[in-house]
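Now for the letters of each chain:
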Amino acid sequence: MAFAVREWLWPRLGNEPHQLVIEMPRVYSAAHQKGDQNDLIQLAGVVGMLGGYLPNVASRRSVYPRDWKGTVDADAFIERIKQRLSPVEHLRVELPSATSLHHNVWDAIGIGLHALGRLAPRRVFPR
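Residues numbered from 1 in each chain as written. Predicted model: local features only at pLDDT ≥ 70, side-chain atom pairs only at ≥ 80, totals over all residues. Heavy atoms only, no water.

Considering all chains together, one arrives at four salt bridges under this definition. For the salt bridge of Glu94 with Arg12, the shortest nitrogen-to-oxygen distance reads 3.1 Å. Here Glu94 is found in the loop between helix H5 (87–91) and helix H6 (102–115), whereas its partner Arg12 is found in helix H1 (residues 2–13), with 82 residues between them in sequence. For Lys82, the salt bridge identified is with Glu79, shortest N-O distance 3.7 Å. On the criterion of helical spacing, the pair formed by Lys82 and Glu79 is a turn pair, its members being three residues apart in helix H4 (residues 74–84). Residue classification places Lys82 among the partly exposed positions, given a relative accessible area of 28%. Taking relative accessible area as the criterion, Glu79 reaches 42% and is therefore assigned partly exposed. (Salt bridge = Lys/Arg side-chain N within 4 Å of Asp/Glu carboxyl O. Helix = DSSP H or I, 4+ residues; strand = E, 2+ residues; numbered from the N terminus. Buried < 20%, exposed > 50% of the residue type's maximum accessible area, 1.4 Å probe, protein only.)

Pasting the structure below:
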């Protein structure tokens, strides 16, 4: 998986240094679980390998889901992410054919926008 990501990144980044921001999974109590919590352990393994094999990583950091998306409804938050993208950036989004996986792509974009400081709620001040 890490080598496949390296191959995908090469034409997009080349030798340019970049920042790696990883979402740390949260394991919730049984009453608040969604899905199989064991999947998070496998995901953490893939992310660990990815972090080790990617070249030119200038810095690495992690965020928890609540750090970058708070408690906003998932669908509403995807709309906020889309609003923060320029038309050119929006055209570059590559969604998988399975619509059930689209939220993963939007989460990854949201984490990146958060790291760049482009995801904070916009405040409107009265005159």
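Take His102: it is sitting in helix H6. In this structure the side chain of His102 is engaged in a polar contact, spanning 2.8 Å, whose partner is the backbone oxygen of Pro96. Apart from residues no more than four positions distant in its own chain, His102 is found in contact with Leu95 and Pro96. (Polar contact = N/O pair within 3.5 Å; in protein donor to acceptor, adjacent residues only side chain to side chain. Contact = heavy atoms within 4.5 Å.)

Another point: the packing of aromatic side chains. How two aromatic rings sit relative to each other is set out by the distance from centre to centre and by the angle between their planes. Counted under the stated rule, the structure contains two aromatic pairs. An angle of 50° between the planes, with centres 4.9 Å apart, marks the rings of Phe3 and Tyr53 as tilted. Here the residue Phe3 occupies a position in helix H1, and Tyr53 occupies one in helix H2 (residues 38–53), the gap between them amounting to 50 residues. The exposure class assigned to Tyr53 is partly exposed, which follows from its relative accessible area of 36%. Taking the centre distance of 5.6 Å and the plane angle of 70° together, the rings of Trp68 and Phe77 count as edge-to-face. Per residue, the accessibility class of Trp68 equals that of Phe77, and both read buried. Stacked on the ring of Trp8, the Lys or Arg Arg12 has its end atom at 3.8 Å from the ring centre. (Phe/Tyr/Trp six-rings, centres within 6.5 Å; stacked < 30°, edge-to-face > 60°. Lys NZ or Arg CZ within 6 Å of the ring centre and 35° of its normal.)

Next up on the list: H6. Across its 14 residues, H6 extends 20 Å between first and last C-alpha, which sits within 8% of the 20 Å expected from 1.5 Å per residue. Restricting attention to buried positions, one finds in H6 the residues His102, Val105, Trp106, Asp107, Gly110, Ile111 and Leu113. In the segment just after H6, Gly117 is the residue with positive phi, at about 75°. (Expected span 1.5 Å × (residues − 1).)

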